[in-house]
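# Structural characterization, general
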Amino acid sequence: MTKKFNSIERCDCNVIHEDIVNQVRDKMPQEESLYDLAELFKVFGDSTRIRILWALHEAEMCVCDIAVLLNMTQSAISHQLRVLKQANLVKNRKEGKVVYYSLVDDHVREIFGQGLIHINEK
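In this report, the structure presented in the accompanying data block is examined. (Residues numbered from 1 in each chain as written. Predicted model: local features only at pLDDT ≥ 70, side-chain atom pairs only at ≥ 80, totals over all residues. Heavy atoms only, no water.)

### Details of the packing of aromatic side chains
Under the convention used in this document: Note on aromatic contacts: the rings of Phe and Tyr and the six-membered ring of Trp form a pair at centre separations within 6.5 Å, being stacked when their planes are under 30 degrees apart, edge-to-face when over 60 apart, and tilted otherwise. The buried label goes to any residue with under 20% of its type's maximum accessible area, the exposed label to any with over 50%, and the partly exposed label to all in between, with areas taken from a 1.4 Å probe on protein chains only.
Taken as a whole and assessed by the stated rule, the structure comprises two aromatic pairs. Centroid distance Phe-41 to Phe-44: 6.3 Å. Interplanar angle 45°. Geometry classified as tilted. Here Phe-44 falls in the buried class, since its relative accessible area comes to 15%.

### Some thoughts on the pairing of strand β3 (residues 98–103)
Short version of the rule: In this scheme, strands are said to pair when DSSP sees at least two bridges between them. The secondary structure listing takes helices from DSSP runs of H or I that are at least 4 residues long and strands from runs of E that are at least 2 residues long, numbered from the N terminus.
Across two bridges, the pairing between strand β1 (residues 61–62) and β3 is antiparallel. Bridge pairing in β3 places Cys-62 opposite Tyr-100. Adjacent in sequence and paired antiparallel, strand β2 (residues 90–95) and β3 are bridged by two residues, among which Gly-96 carries a positive phi angle near 65°.

### Section: the pairing of β2
Here six bridges tie β2 to β3, and the two strands are oriented antiparallel to one another. Bridging from a neighbouring strand, Val-90 pairs with Leu-103 of β3.

What is shown is where atoms sit, not what they do.
Here is the structure:
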């Protein structure tokens, strides 16, 4: 079986649009910032974490409730919440013996919401 690969379109010239290159270079974030952004997007690359973020997008919830909602163990949910917390996407508060989780701020809501808008575009 032969695989077909779409070729990438390239310029047929050697002219460099130096003004555009310099303009973009001047606005390019630092390498460390781009690395951190890539790491943030990696966190969104897991469907379980996306399901947790969706739940927390709708309401503040405890680990027990998220586990029931997603039909998973509390241990598995706790592990994913730890990853989300390390990425500064969720926060928690303790009320007695119950720990409630929520999205850290409106930026996370916006990222999530924009992602949903994008995938639902026709």
